[in-house]
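# Survey of secondary and tertiary structure
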Amino acid sequence: MSDGIMSKAATMEIPINSNGNTGALAEDDGLEQATRRQWRLDEKVGSGPGAGDLQQVMASGPNLNETSIVSGGYGGTAEGIIPTGSIKGPAVRYNPDFNKRIPVTGLGPSMQQSGSSSSVAAAAAEEATRGVAVEKLETVKKWGLNTYKCTKQMISERFGRGSRTVDLELEAQIELLRDTKRKYGSVLRLARALTNHFYNMVQTQHALGDAFADLSQKSPELRDEFGYNAETQKLLCRNGETLLGAINFFVSSINTLVNKTMEDTLMTIKMYENARLEFDAYRSDLEELSLGPRDAAATARIDAAQQQYQVQKDKYERLRSDVTIKLRFLEENKVKVMHKQLLLFHNAISAYFAGNQQQLEQTLERFNVKLNPPGADKPSWLEEP
């Protein structure tokens, strides 16, 4: 009977009026009464003898977590059944602020820490690169500004419109050094030319002595005459090689003095002159700014120019002191070296052309000049082409 009432209530038609509202009130009352009768019937069944069986069936019903999804439709094979318990979707988190479900990523603490570390490292690398670029840009900017000021100062000095700082005593010493270097360079070139010519003469004497010795063996009637000349040329050749050793030592010492000691001092002088030019350029810049208006911006520029001026002044004074010291030591070294080398050159030349072989050898021993053994400068037969 209850089934008939439920089917009647389920199949009851509800008319709709033209405004979309329900139909007559009587039919609504019939539906409500049928529903109430069904509720009373359910209460009787729940309190009856079969209520426990019904509750057991509801309690032992299929678990939603253990239900299956049939992929092949009704009546499909068992292979198409997928247990829903094995399907694991992403965890969700409820956001009360936005009233929606937000998926939660499956990254563990170690992966999140690694990602944050890599992002921090990338940010640090980018910051370091940006710092290097900014530093290079500032360096180029300072170099360009310094070059502009120095060029302006140089042109002003050339045309007589700018003033320059002059140390008369130091400038005289620098000019004397440059003149001395030119003269010593000329002596060095002449000494090298003498060495080359004398070396060729010694080689010629050596060849001439060999020719005289050969003719002495092949000409019995002139054996003594060729023999005397051969001995003389060999003696001159031996003394010439000794003199060549003294001249080579003289040339080597002059070359060290001119191209190393004097050149090092001249490099310091060049640095001093550049510092002097920069000092005058920043001094002129500070003087021009001091003659202008004294507003806030101008005062800031004057303070910056004053700092740069002080830096250049310290650099200029330091290099001027270095040049003064090097010029003094160079003069002392030059006197000492040239005193020894001029005595060696004079005594060796005099002994050679006087034919005093003993005095020539004593001169080399006195100045600690060591000669190369005969044939040491010649390549061996393995090195010959």
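Residues numbered from 1 in each chain as written. Predicted model: local features only at pLDDT ≥ 70, side-chain atom pairs only at ≥ 80, totals over all residues. Heavy atoms only, no water.

Moving on, we come to the confidence of the model for the chain. Summing up the model confidence of the chain, the mean pLDDT is 74 and the portion of residues at 70 or higher is 66%. The secondary-structure element of the chain with the lowest mean pLDDT is strand E1 (residues 68–70), recorded at 41, while helix H5 (residues 168–218) shows the highest, at 94. Here residues 44–107 is modelled with pLDDT under 50, and outside its nearest four sequence neighbours on either side it reaches 36 contacts, counting other chains as well. Counting interchain partners and residues more than four positions distant, the pLDDT-below-50 stretch residues 374–385 has 2 contacts. (pLDDT = per-residue confidence, 0-100. Helix = DSSP H or I, 4+ residues; strand = E, 2+ residues; numbered from the N terminus. Contact = heavy atoms within 4.5 Å.)

Turning next to the packing of helix H6 (residues 223–290) against helix H8 (residues 357–366). For the pair H6 and H8, interaxial distance at closest approach is 10 Å and the crossing angle is 25 degrees. Comparing their axes, H8 and H6 come out roughly parallel. For H6 against H8, the interelement crossing comes out left-handed. Side by side, H6 and H8 meet where Leu235, Arg238, Asn239, Thr242, Leu243 and Ala246 of the first sit next to Gln357, Leu360 and Leu364 of the second. Here the residues of the contact of H6 with H8 are counted per class, giving 5 nonpolar, 3 polar and 1 charged. (Axes fitted to C-alpha atoms, helices over the stretch in contact; angles between N-to-C directions. Parallel < 35°, antiparallel > 145°, perpendicular 65-115°, else oblique. Left-handed = near helix turned anticlockwise from the far one by under 90°. Nonpolar A, V, L, I, M, F, W, Y, C, P; charged D, E, K, R; others polar.)

Let us now look at the pattern of salt bridges. Summed over the entire model, instances satisfying the criterion amount to 14 salt bridges. Linking Asp264 and Lys326 is a salt bridge whose minimum nitrogen-to-oxygen distance equals 2.9 Å. A residue pair is termed long-range when its members are at least 10 positions apart, and Asp264 in helix H6 and Lys326 in helix H7 (residues 296–354) qualify at 62 residues. For Asp264, a relative accessible area of 40% translates into the label partly exposed. A relative accessible area of 29% places Lys326 in the partly exposed class. (Salt bridge = Lys/Arg side-chain N within 4 Å of Asp/Glu carboxyl O. Buried < 20%, exposed > 50% of the residue type's maximum accessible area, 1.4 Å probe, protein only.)

This part covers the nonpolar core. Ranked by internal contacts, the top residues of the largest apolar core, which has 42 residues, are Ile174, Leu177, Ile269, Tyr272, Val323 and Leu327. For this core, the secondary structure elements donating two or more residues are H5, H6, H7 and H8. For this core, the leading source of residues is H6, giving 17 residues. Dropping the residues within four chain positions of it, Tyr272 is found in contact with Asp167, Leu170, Glu171, Ile174, Tyr316, Leu319, Arg320 and Val323. (Core = buried A, V, L, I, M, F, W, Y, C linked by side-chain atoms within 4.5 Å.)

With that settled, consider unusual backbone geometry. The backbone of Asn368 shows a phi angle near 55 degrees, a positive value even though the residue is not glycine. Tracing the sequence through the fold places Asn368 in the segment after H8. Accessibility expressed as a relative area gives 62% for Asn368, which makes it exposed.

A few words now on H7. Compared with the 87 Å implied by 1.5 Å per residue over 59 residues, the 85 Å span of H7 between its first and last C-alpha is a close match. With a side-chain oxygen positioned 3.0 Å from the backbone nitrogen of Ala298, the residue opening H7 is Asp295. (Expected span 1.5 Å × (residues − 1). Polar contact = N/O pair within 3.5 Å; in protein donor to acceptor, adjacent residues only side chain to side chain.)

For the rest of this paragraph, the subject is the packing of H6 against H7. Two elements in contact, H6 and H7, have axes whose closest approach is 8 Å; the angle formed by their N-to-C orientations is 165 degrees. As summarised for this structure, H6 and H7 are arranged roughly antiparallel, according to the angle between their axes. Once H6 is placed against H7, the crossing between them reads as left-handed. When its residues are assigned to classes, the contact of H6 with H7 shows 32 nonpolar, 12 polar and 12 charged.

Here we take up the packing of aromatic side chains. Considering all chains together, one arrives at 7 aromatic pairs under this definition. Centroid distance Phe279 to Tyr316: 5.2 Å. Interplanar angle 5 degrees. Geometry classified as stacked. Residue Phe279 is located in helix H6, and its partner Tyr316 is located in helix H7; the two are separated by 37 residues in the primary sequence. When sorted by exposure, Phe279 lands in the same class as Tyr316, which is buried. (Phe/Tyr/Trp six-rings, centres within 6.5 Å; stacked < 30°, edge-to-face > 60°.)

Turning next to the side chain of Ser156. Take Ser156: it is sitting in helix H4 (residues 109–158). A residue is classified by how much of its surface remains accessible, and Ser156, at 16% relative accessible area, is buried. In terms of polar contacts, Ser156 uses its side chain to reach the backbone carbonyl oxygen of Lys152, at 2.8 Å. When sequence neighbours within four positions are dropped, the list of residues in contact with Ser156 reads Arg161 and Gly162.

Summarising the element assignment, Arg318 is placed in helix H7. Measuring from C-alpha to C-alpha, the distance between Arg318 and Tyr272 comes to 8.7 Å, with 46 residues separating the pair along the chain.

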